[in-house]
Amino acid sequence: MNQSDAVAVVLFFGVTAYALFGGADFGAGFWDLIAGGAERGERPRAMVDHSIGPVWEANHVWLIFCLVVLWTAFAEAFASITLTLFVPLTLAALGIVARGSSFAFRKAVFRTRDRRNFGAAFAFSSVLVPYCMGAVAGAIASGRVPAGGKAGDPWESWINPTSILGGVLAVTVCAYLSAVYLVWDSRRLDDAEMAEYFRRRAVVAGAVAGIVAFVGIFVLRSDARYIFDGLTSRALPLVIVSALCGMGSLFLLVRGASRGARLLSIGAVATVVIGWGVAQWPYVLPESLKVSQAAAPSGTLTAVLVVFVLAAVIILPSLGLLYVLDQKSLLPGEGVESTSTGN
Amino acid sequence: MMSVLAIDPVPWARSQMAFTLGFHIILVPLGVSWAAMVLIANYRAIKKDDNDALVLAQRWSKFMAVTFAVGAVTGTVLTFEFGLLWPRFMGKWGEAFGVPFAVEGLFFFTEAIFVAIYIYGWKRLKPWPHFWTGVPIVIAGIGGSISVVAANAWMNEPSGFTLNSAGKVVEVNALDVIFNKAMPYEAAHMVVAAYLVGGFLIASVYAMGMLRGRNDRYHRLGFIIPFTVAALATPVQMAVGDTLARWVYQNEPIKFAAIEMVPKTKSDVPETLLGHLNSDGTVSGGIPIPGMASILSDPKTGTSTVVEGRNAFPTSDQPTIAQVNTVHLAWDVMIGLGTLLFLLSVWFGLSWLFRRDLPKTRWFLRIAAAAGILSVVTMEAGWVVTEVGRQPWIVFEQMRVEDGATTNTGVWITFLVIVAVYVVVGVTTILVLRGMGRRWREAGELDETEVPYGPRGSVERPGAPDEVPVG
């Protein structure tokens, strides 16, 4: 594997990590959004808060990672993408601001009205951002972003069948992943009722995501032929693994026996994302810009790879520590004062 | 975009970048230096069994959770904006300019992970391990700001790349990009600024509290820890800033000409306080200190030191008259307020040295209460000097700002939306932080069951009665 291929793999590693970790955080916002009124939705919302509180910022850094690798290693593609997809990327950036700040604010305020307003901003933007990201992915995958640091159509590039598919799939997949994770978090906290609550939602979301993915095959066939051909040839094993993992996870979720369901759902989503990458190989921007053409000079690629190795040595163990402490319930809440202090 | 909305994006892109950077930079000192102050309080709490310090440390870390979140998301916006506002700049230079950001990513990741562990770890981690989980935040904060400033320094002193005849970057030396000529000076200036501004900002809140009669030990400690950090940073910053200014004189003469408002190359240049440059090249108003700019530029040659004027550079490569006046005013503000903060620090230092106490007069607290905002203004002014002073270039002598900007004509809309969103976020951040402080004041001391590092109780459930929000 040459340097530019290696960096492309690193980039896709980041995209996959963002989908699996950041995606679940977005999905938690989706469940927050549809949890119902202040009273009925209180317990699921508290679970969402509790579940993503310690990890969302770290998970969110994968996005920065992807953007930085993209603009450093494939600068021309980055310029084309940002010029063409100005609108959805701006919406995503605004959504990220609204989401992160209102999530932090919600935990820090106590009046029901304030919590509701911040909660609404958090939850709404948690759906907006993955939709925009999915639409951006769809725009790239369907070859609507031209090479050469040029702008494509500012509207049609992200309002088209593949982008809509990407957006809807992103939202449903995030909801699915998140519901599955929330089952575990509920169990960890001995809350059987919430575990059941999220288990049922995981089944529904998983089924919907599966249907969207299935319909997506036909959308891609008519709208994004290169990706479709890739998915049905060299990426086919990944597609099959994804389908099997998805069905397996649904089966386990329906039966309530959840051992392995989480792993299978992660497998289902990861293989879809990796499948996208394999399907559009060897292009960064399908059919107009190849990875090897877009790649930065060797000095830059070496730097990116060195940083990635350092990340593997420093960041991955640190992330592991964070998740282990979190899973062992050693990170129960901010500070020591219980949140009821000010009432 | 519809043609009626086709408005030149360049001024709007510049405004949006300036506004979002100017907003984010207020949160940066808190992100970089607050953790260090929390750890000072935390250390004292464990070592001396100091309950006030303990309460401070853990309340600060809760505040930090809010400011860190807002800092993280506004920083993410900047990441997007590099592409959204400056795609042609990134398309050409991302391969070099991006390298320091790749390094910064490492630090940001580390910071985000350990901020979470530290903030959420108060209850269940043991005291010393918990303390140590805070240390990576401090290191990552410093490393992260050095990396980002390295990228900015590269825009001032681009190096580490080779262009082909078509002007495309064909070779990059990553280390030469990161360690460009301006990097050590700018990075040192910003890291010290982060401690200075962070310290004054936090101390100012407690100065306000003390002015309102909350003169207990808790408030004094909350004032003294950050104020001492800031007071120690201030003289260091004067030395770093002075070195940097002389370096700019030697290496970036056009920026220096704007700073000192020098129209024509000459010796015996006065240091003009305030005043402005007219379009005919004359300087009016202000208080000139004869020969001072020459003396400061090179004390060895004194007033005979020659300072290059704007006329030494082609007109098209100079900042405009308005930009020169902006740079000069910002410079005066930075130097003036910096000196004021230095004198305030000296006052505090002398009082502490001789009386082991704060200066008695309320005027000290009044000025200290203003020092938070003043230090922010000082830092913003410093960024105006370096950014406006580089105009018309986005990459010095390599690319002009308008050649790097987006061609999307709707930027004026995003500018307006962003300003509206940020105003809401900014005001809300302040209200939320104040609300937290007020709530804790009303609640008083921690009660028995909330002692940190306590025995591991049963796992509490979210939504359990003690956590139910009551409206």
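For the structure itself, look to the data block above.
In this report, the structure presented in the accompanying data block is examined. Just so we're clear, the structure is a prediction, and the values are computed from it rather than from any experiment.

**Considering the overall build of chain B**
So, point 1. Within chain B one finds 13 helices and eight strands.
So, point 2. For 471 residues, the compact-globule formula gives about 23 Å, and the C-alpha radius of gyration of chain B, at 24 Å, lands near that figure.
So, point 3. By principal-axis analysis of the C-alpha atoms, chain B measures approximately 70 × 55 × 45 Å.
So, point 4. Within chain B, buried positions represent 58% of all 471 residues.
So, point 5. Within chain B, residue pairs in contact and separated by at least 24 positions form 77% of the contacts whose partners lie at least 6 positions apart.
So, point 6. If you sum the accessible surface of chain B, you get close to 19100 Å²; carbon and sulfur atoms cover 66% of it.
So, point 7. Counting 36 positive and 37 negative side-chain charges, chain B places the centres of these two groups 8 Å from one another.

**Re the packing of aromatic side chains**
The description of an aromatic ring pair rests on the distance of the ring centres and on the angle between the ring planes.
So, point 1. If you walk through the whole model with that rule in mind, you get 51 aromatic pairs over all chains.
So, point 2. Ring centres of Trp60(B) and Tyr206(B) lie 6.2 Å apart, and the angle between their planes is 70 degrees; this geometry places the pair in the edge-to-face category. Placement of the pair is Trp60(B) in helix 2 (residues 51–85) and Tyr206(B) in helix 6 (residues 183–211), with a sequence separation of 146 residues.
So, point 3. With centroids separated by 6.0 Å and ring planes inclined at 80 degrees, the aromatic side chains of Phe223(B) and Phe364(B) adopt a geometry described as edge-to-face. Separated by 141 residues along the polypeptide, Phe223(B) in helix 7 (residues 217–251) and Phe364(B) in helix 11 (residues 362–388) bring together distant segments of the chain.
So, point 4. Exposure remark for Phe364(B): the relative accessible area of 0% places this residue in the buried category.
So, point 5. Put simply, the rings of Trp71(A), Phe78(A), Phe82(B), Phe89(B), Trp93(B), Phe97(B), Phe101(B), Trp154(B) and Phe161(B) pair up and form one aromatic cluster.

**Some points on the interface of chain B and chain A**
So, point 1. With 82 residues of chain B in contact, the opposing surface of chain A contributes 85 residues.
So, point 2. Regarding the contact of chain B and chain A, the summed buried area is about 7500 Å², with carbon and sulfur atoms giving 74% of it.
So, point 3. At the surface where chain B touches chain A, the tally comes to zero salt bridges.
So, point 4. Taken together, the connections running from chain B to chain A amount to ten residue pairs in polar contact (both at pLDDT 80 or more).
So, point 5. Listing elements by their share of the side of chain B that touches chain A, those giving two or more residues are helix 2, helix 3 (87–120), strand 2 (169–172) and helix 13 (411–443) of chain B.
So, point 6. Residue composition of the side of chain B that touches chain A, grouped by class: 51 nonpolar, 18 polar and 13 charged.

Quick notes on the rules
Residues numbered from 1 in each chain as written. Chains lettered and ligands numbered in written order. Predicted model: local features only at pLDDT ≥ 70, side-chain atom pairs only at ≥ 80, totals over all residues. Heavy atoms only, no water. Helix = DSSP H or I, 4+ residues; strand = E, 2+ residues; numbered from the N terminus. Rg over C-alpha atoms; globule rule 2.2 N^0.38 Å. Buried < 20%, exposed > 50% of the residue type's maximum accessible area, 1.4 Å probe, protein only. Contact = heavy atoms within 4.5 Å. Areas by Shrake-Rupley, 256 points an atom, 1.4 Å probe, with all protein chains shown as cover. Lys, Arg positive; Asp, Glu negative; His and termini not counted. Charge placed at Lys NZ, Arg CZ, Asp CG, Glu CD. Phe/Tyr/Trp six-rings, centres within 6.5 Å; stacked < 30°, edge-to-face > 60°. Buried area = accessible area lost by both parts, 1.4 Å probe. Salt bridge = Lys/Arg side-chain N within 4 Å of Asp/Glu carboxyl O. Polar contact = N/O pair within 3.5 Å; in protein donor to acceptor, adjacent residues only side chain to side chain. Nonpolar A, V, L, I, M, F, W, Y, C, P; charged D, E, K, R; others polar.

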